[in-house]
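Fold and geometry: a report
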Amino acid sequence: QVLLVESGGGLVQAGGSLRLSCAASGSIASINVMGWYRQAPGKQRELVAVISSGGSTNYVDSVKGRFTISRDNAKNTVYLQMNGLKPEDTAVYYCNLNNVGQFGVGTNYWGKGTLVTVSS
């Protein structure tokens, strides 16, 4: 089992910055993908950014150039640096870990979420 605990959410004005952190503990596979998803009221959860254990990253188009995902394996922590925040970024942000199994079937774990509110 894996426990993911997010922190860093809050209220910020448009154009401001926030840094989200997600500390992972438990059985973390050597090959894995960690990422951030977000869900606004009345909308489906969407992928924001992911980073593999090998360091490869991918972002949803709407945050490219503004958000940066990174990880510190020594601390078992993944970060999301959010710059140039817009009101449309307002959502609950969830940390995700996908443990890649021996046969390529991953197991997903989720944090409880942290709220990001961007005012105009």
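Everything discussed here concerns the structure shown above.
Cut-offs applied
Residues numbered from 1 in each chain as written. Predicted model: local features only at pLDDT ≥ 70, side-chain atom pairs only at ≥ 80, totals over all residues. Heavy atoms only, no water. Pairing = 2+ DSSP bridges. Helix = DSSP H or I, 4+ residues; strand = E, 2+ residues; numbered from the N terminus. Buried < 20%, exposed > 50% of the residue type's maximum accessible area, 1.4 Å probe, protein only. Polar contact = N/O pair within 3.5 Å; in protein donor to acceptor, adjacent residues only side chain to side chain. Contact = heavy atoms within 4.5 Å.

1. Overview of the pairing of strand β3 (residues 18-26)
- The pairing of strand β1 (residues 2-7) with β3 spans six bridges and is antiparallel. If you follow Leu4 over to β3, its bridge partner there is Ala24.
- In the sheet, β3 pairs with strand β8 (residues 77-82) via six bridges, with the strands oriented antiparallel. If you follow Ala23 over to β8, its bridge partner there is Thr77.

2. Focus on the side chain of Asn96
- Structurally, Asn96 can be placed in strand β9 (residues 91-100).
- The class of Asn96 is buried, set by a relative accessible area of 4%.
- A distance of 3.2 Å separates the side chain of Asn96 from the side chain of Asn108, its partner in a polar contact.
- A distance of 3.3 Å separates the side chain of Asn96 from the backbone oxygen of Tyr109, its partner in a polar contact.
- Look past the residues within four positions of Asn96 in its chain and what remains in contact with it is Leu4, Val33, Met34, Gly35, Tyr37, Asn108, Tyr109 and Trp110.

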